[in-house]
Amino acid sequence: MEEIYAKFVSQKISKTRWRPLPPGSLQTAETFATGSWDNEENYVSLWSIGDFGNLDSDGGFEGDHQLLCDIRHHGDVMDLQFFDQERIVTASSTGCVTVFLHHPNNQTLSVNQQWTTAHYHAGPGSPSYSSAPCTGVVCNNPEIVTVGEDGRINLFRADHKEAVRTIDNADSSTLHAVTFLRTPEILTVNSIGQLKIWDFRQQGNEPSQILSLTGDRVPLHCVDRHPNQQHVVATGGQDGMLSIWDVRQGTMPVSLLKAHEAEMWEVHFHPSNPDHLFTCSEDGSLWHWDASTDVPEKSSLFHQGGRSSTFLSHSISNQANVHQSVISSWLSTDPAKDRIEITSLLPSRSLSVNSLDILGPCLVCGTDAEAIYVTRHLFS
């Protein structure tokens, strides 16, 4: 049974992300960033997991994540993404978007660039001007896309002072999250249960496609795109359900999977092993979903939570005429393949698990219980 290490950090963690590895690198993940929220002072912090789990000179366990450096962050960290190896982009509850630069020589973080009024209600300069939280950010070097409570979408470029493009009234409701589908196209999810696809090649302020759950206006909080099949998207929302969508077909999800008992805050496909998906929730749980077809032969990956069960997905649309071999396991409607093994990765439920990230065999998550959990052995 592989250990999942906890470190208590005296601040509620809202976001956590692994620093990307250099292209072609054979090393495993070693550094991650966290952002905090709902504290008297919030911070962006950089951590190293170093020689994790090795015995130290006293024969004790070095299970600790070492704090490399941190920097004050104005407002709650609503989202956080690595732009490249050195730069981290954050979204703030003040509507500000900040690029922080890591200086490895002296282990410090500094503000590299800032768009202070990226998101706001009404017009800046008017008496009614008030900031609106920036709720989501996604990076595709050199571009940074942000969304907010003001229903606005911004396209920034690193080292440009002004937004390259702004879609002012992109949504009449709050935009909660954003991801790139492919380079000029992004996908947003909002507080009335809609997915919208936007194409920056088009001049207008209208989405190129809208998908939603009919009848349900359940807020969607998170979205992730399948790393190899860009038409496959997973979302999670206020009801804790996991929805899998094929944006090429229809306007409804392909399958709805009963998941958490409260809001799902993040969903991530494993970047190099996308038959595996991970979700975390307000209910204090962190789940590993395994849709690979050889589930019966596999031993359970984690046993701590003891909450390993197999769910049958409820499939909505019929995948007729799509060649079976290229269908992602998440789109398959063959009942034998629809069995998904779900494993709980945290030993016990506590306060909300707000954020998770995976890179290779390593997983990190952050919680309202002021703890960061890390494992380096997801698939052993």
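Placed above this text is the structure.
Since we're looking at a predicted model, the values are computed, not measured.

A short note on the overall build of the chain
A tally of helices and strands in the chain yields zero helices and 32 strands. The buried share of the chain, reckoned over its 380 residues, is 55%. Counting only contacts in the chain whose residues sit at least 6 apart along the sequence, the fraction spanning at least 24 positions is 53%. Surface summary for the chain: the accessible area is close to 16100 Å², and the carbon and sulfur share equals 47%.

Notes on the environment of R376
Examined against the element boundaries, R376 turns out to sit in the segment after strand 32 (371-375). A distance of 3.5 Å separates the side chain of R376 from the side chain of T28, its partner in a polar contact.

Notes on the state of the cysteines
All told, the structure shown has zero disulfides when counted by the stated rule. Free cysteine C222: the closest other cysteine sulfur is in C280, separated by 7.4 Å. Judged by its relative accessible area of 5%, C222 falls in the buried class.

Looking at empty space enclosed by the protein
A complete count under the given rule lists two cavities of 30 Å³ or more for this structure. In this structure, the second largest cavity encloses a volume near 40 Å³. Along the walls of the second largest cavity sit L213, V218, L220, G236, G237, D239, M241, S243 and L256, which together make up its complete lining. In terms of residue class, the lining of the second largest cavity is made up of five nonpolar, three polar and one charged.

So, the layout of surface pockets
Approximately 1600 Å³ is the volume attributed to the largest pocket. Lining the largest pocket are 49 residues, and of these R17, D79, Q81, V137 and H268 sit closest to its centre. A per-element tally of the lining of the largest pocket places strand 16 (residues 175-182) first, with seven residues. Taken together, the residues of the lining of the largest pocket break down into 24 nonpolar, 13 polar and 12 charged.

Observations regarding the nonpolar core
With 19 residues, the main nonpolar core has L242, I244, L277, W289 and W330 as its most contacted residues. Contributions of two or more residues to this core are made by strand 21 (232-237), strand 22 (242-246), strand 24 (264-269), strand 26 (286-290) and strand 29 (339-344). The dominant element in this core, judged by the number of residues it contributes, is strand 24, at three residues. Once residues lying within four places of it in the same chain are set aside, the contact partners of L277 are A234, L242, V267, H268, F269, W287, H288, W289 and W330.

Re the pairing of strand 26
Of all five residues that make up strand 26, five are buried, and the element is covered over most of its length. With burial as the criterion, each face of strand 26 is covered, one bearing L286, H288 and D290 and the other bearing W287 and W289. One ladder, built from five bridges, connects strand 25 (residues 276-281) with strand 26; its direction is antiparallel. Within strand 26, the residue paired with H276 across the bridge is D290. Between the end of strand 25 and the start of strand 26, which pair antiparallel, lie four residues, with G284 showing a positive phi angle near 90°. As defined by bridge partners, strand 26 adjoins strand 29 across four bridges and the pair is classed as antiparallel. Residue pairing for strand 29: D290 is matched across the bridge by E341.

Quick notes on the environment of V89
Looking at the secondary structure, you find V89 in strand 7 (residues 87-92). We classify V89 as buried; its relative accessible area is 0%. In this structure the C-alpha to C-alpha distance between V89 and V138, which are 49 residues apart in sequence, comes to 8.7 Å. Discounting residues that sit within four places of it in the chain, V89 has contacts with D79, L80, Q81, F83, V97, T98, V99, V137, C139 and I144.

Calculation rules
Position labels on residues start from 1 in each chain and follow its written sequence. Confidence filtering applies because this is a predicted model: local features only for residues at pLDDT of at least 70, side-chain atom pairs given and counted only at 80 or more, and all residues used for totals across whole chains, interfaces and linings. With hydrogens and water set aside, each side-chain value is computed from the structure's full complement of heavy atoms. Each helix is a run of DSSP H or I of at least 4 residues and each strand a run of E of at least 2, with the numbering of both proceeding from the N terminus. Only protein chains enter the accessibility calculation, which uses a 1.4 Å probe; a residue is then buried when its area is under 20% of its type maximum, exposed when over 50%, and partly exposed in between. Any two residues having at least one pair of non-hydrogen atoms within 4.5 Å are treated as being in contact. Each accessible area is a Shrake-Rupley estimate made with a 1.4 Å probe; only the visible protein chains count as cover when residues are assessed. Polar contact criterion, stated in full: a pair of N or O atoms within 3.5 Å, where within protein one must be able to donate a hydrogen and the other to accept it, and residues adjacent in sequence count only if both atoms are side-chain atoms. The definition used for a disulfide is geometric: two cysteine sulfur atoms within 2.5 Å. Only protein atoms enter the 1 Å grid used here, on which a cavity is any set of points holding a 1.4 Å probe that cannot leave and a pocket is any open set flanked by protein within 12 Å on both sides along at least five of seven lines; residues with an atom within 4 Å of a point are listed as lining. Grid points are joined across faces, edges and corners, and a volume is the space filled by probe spheres set on the points. Residue type decides the class: Asp, Glu, Lys and Arg count as charged, Ala, Val, Leu, Ile, Met, Phe, Trp, Tyr, Cys and Pro as nonpolar, and the leftover types, Gly among them, as polar. Buried residues of nine kinds, namely Ala, Val, Leu, Ile, Met, Phe, Trp, Tyr and Cys, make up a nonpolar core once their side-chain atoms join them within 4.5 Å. When DSSP locates at least two bridges between a pair of strands, those strands are taken to pair.

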